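# Observations on the three-dimensional arrangement
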Amino acid sequence: MRRIGLLGGMSWESTALYYSLLNEGIRERLGGLHSVDLVLVSVDFAEIERLQTAGEWDRAGEILAAEAQRLESAGAECVVLCTNTMHKVADRVCRDLRIPLLHLGDVTAAAALDAGMRTVALLGTRFTMQESFYRDRLEAAGLRVLVPDPDAQAALNEIIYGELVLGIVREESRAVYRSAIAELVARGAEGVILGCTEIELLVRPEDSPVPTLPTTALHAAAAIDFALA
């Protein structure tokens with residue numbers, strides 16, 4: 001088994017989900033008492049969120065790049081950046097690494113195409129929905145990407161930062177996400193990318209009339225494939 005390097009803490013709620021999914025996946029694949037071989041660096045999300053809000057992406061990229069190098073020094077053979085939003089700085093994170101970064105956009109695009117999807121809805125933080133760094137990766141793979149209208153984007157983003165990163169799951173918020181999904185499906189979405197790792201704490205498959213693409217679960221599965229290749 002190759003050693004996985006998790007770069008997490010953004011938020012720790014979703015990083016804990018990564019840890020569970022990786023161990024469950026290894027146990028299912030190998031059986032017995034097997035568990036995942038990994039090293040984890042967990043950053044203080046308050047500092048990263050402050051840099052996001054201030055637009056100081058270069059500084060955030062430097063911090064995460066340094067932590068990724070710590071993972072490599074600890075024996076990691078790949079890096080899994082446990083957040084969709086911070087893939088905005090993925091190029092900076094992997095620039096000085098000698099090990100691969102398993103890019104979440106590539107993993108998600110492959111899953112969508114394998115499922116026969118051509119038009120997908122993208123839900124996530126306002127950075128992921130509004131900016132091009134994630135959409136461009138999906139579109140380069142051949143997907144058409146739809147995002148909610150600005151008012152819906154603001155509401156979804158507030159639920160992520162005001163509730164989900166704190167582990168708060170509310171039925172009222174689930175209803176907001178269901179409404180956004182329904183609107184995007186009406187516009188032609190064949191699948192829904194849960195493009196923030198915390199959204200999987202809230203949105204269930206039955207909350208969408210079309211298949212969902214849970215990025216945390218997909219990323220964990222790709223990491224397992226890498227570890228056992």
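Below: a short report on this structure. Small disclaimer: the values here were computed from a predicted structure and weren't measured.

Our next topic: helix α7 (residues 132–140). Within the sequence span of α7, burial applies to F133, Y134, R135 and L138. Along its buried surface, α7 packs onto α5 (104–114), β4 (119–123), α6 (126–130), β5 (144–146), β6 (191–194) and α10 (215–228). Immediately beyond the C-terminal end of α7, within one or two residues, lies G142, with a positive phi of roughly 110°.

Moving on, we get to the sheet that holds β6. The strands making up a sheet associate through backbone hydrogen bonding, with each pair oriented either parallel or antiparallel. In space, the four strands of this open sheet follow the order β5-β4-β6-β7, with parallel pairing throughout. The outermost strands of the open sheet, each flanked by one partner alone, are β5 and β7 (212–214). The sheet shows a mean angle of 30° between the axes of neighbouring strands, taken without regard to direction. On the sheet, α10 packs against β6 and β7 and is oriented at approximately 55° with respect to β7.

Let's shift gears to unusual backbone geometry. That bond from M10 to S11 is cis: its omega, 5°, falls within 30 degrees of zero. Secondary-structure assignment places S11 in the loop between β1 (4–8) and α1 (12–30).

Here we come to empty space enclosed by the protein. Inspection of every chain in the model, using the stated rule, returns one cavity of 30 Å³ or more. Reported here for the largest cavity is a volume of approximately 80 Å³. M10, T83, T85, T125 and E198 are, among the 13 residues lining the largest cavity, the residues nearest its centre. Listing elements by their share of the lining of the largest cavity, those giving two or more residues are α2 (45–54) and α8 (150–162). Grouping the amino acids of the lining of the largest cavity by side-chain chemistry returns six nonpolar, six polar and one charged.

As summarised here, the arrangement of the three strands in space is β2-β1-β3, forming an open sheet in which the pairing is parallel. Each end of this open sheet is capped by a strand with a single partner; those strands are β2 (38–42) and β3 (78–81). Recorded for the sheet is a direction-independent mean angle of 20° between the axes of neighbouring strands. As defined by bridge partners, β1 adjoins β2 across five bridges and the pair is classed as parallel. Residue L6 lies in a different strand from β2, and its bridge partner there is L40. Sheet strands touched by helix α3 (residues 57–73): β1, β2 and β3. Its angle to β1, the strand with the most contacts, is close to 155°.

With that settled, the discussion passes to the packing of aromatic side chains. According to the stated counting rule, one finds three aromatic pairs in the structure shown. Taking the centre distance of 6.4 Å and the plane angle of 85° together, the rings of F133 and Y134 count as edge-to-face. Here the guanidinium or amino end of R2 rests over the ring plane of F226, the centre of that ring lying 3.8 Å away. Directly above the ring of W57 sits K88, whose terminal nitrogen or CZ lies 5.2 Å from the centroid.

The rules behind the values
The residue count restarts for each chain, going from 1 along the sequence in the order it is written. Reporting in this predicted model follows two pLDDT cut-offs: at least 70 for local features of residues, and 80 or more for side-chain atom pairs to be given and counted; totals over whole chains, interfaces and linings ignore these cut-offs and use all residues. The side-chain values count all of the structure's non-hydrogen atoms but skip hydrogen atoms and water molecules. Exposure categories follow from relative accessible area, calculated using a 1.4 Å probe and restricted to protein chains: below 20% of the type maximum is buried, above 50% is exposed, and the middle band is partly exposed. Here a strand is any run of E in DSSP of at least two residues, a helix any run of H or I of at least four, and the numbering for each starts at the N terminus. In what follows, a contact means two residues having at least one pair of non-hydrogen atoms within 4.5 Å. Strand pairing follows a simple DSSP-based rule, namely that at least 2 bridges must link the two strands. Note on geometry: axes are lines fitted to C-alpha atoms, helical ones only across the stretch in contact, with angles between N-to-C directions running from 0 to 180 degrees. Grid points spaced at 1 Å over the protein atoms alone were grouped into cavities, where a 1.4 Å probe fits but cannot get out, and pockets, open sets with protein on both sides within 12 Å along at least five of seven lines, with lining residues defined by an atom within 4 Å of a point. Grid points are joined across faces, edges and corners, and a volume is the space filled by probe spheres set on the points. Throughout this entry, Asp, Glu, Lys and Arg are counted as charged residues, while Ala, Val, Leu, Ile, Met, Phe, Trp, Tyr, Cys and Pro are counted as nonpolar. The remaining residues, Gly among them, count as polar. Two rings from Phe, Tyr or Trp (for Trp, the six-membered ring) form a pair when their centres are within 6.5 Å of each other. A pair whose planes differ by under 30 degrees is stacked, one over 60 is edge-to-face, and the rest are tilted. Only when the NZ of Lys or the CZ of Arg is both within 6 Å of the ring centre and within 35 degrees of the ring normal is a charge said to sit over the ring.

Worth remembering: the numbers are spatial, not functional.
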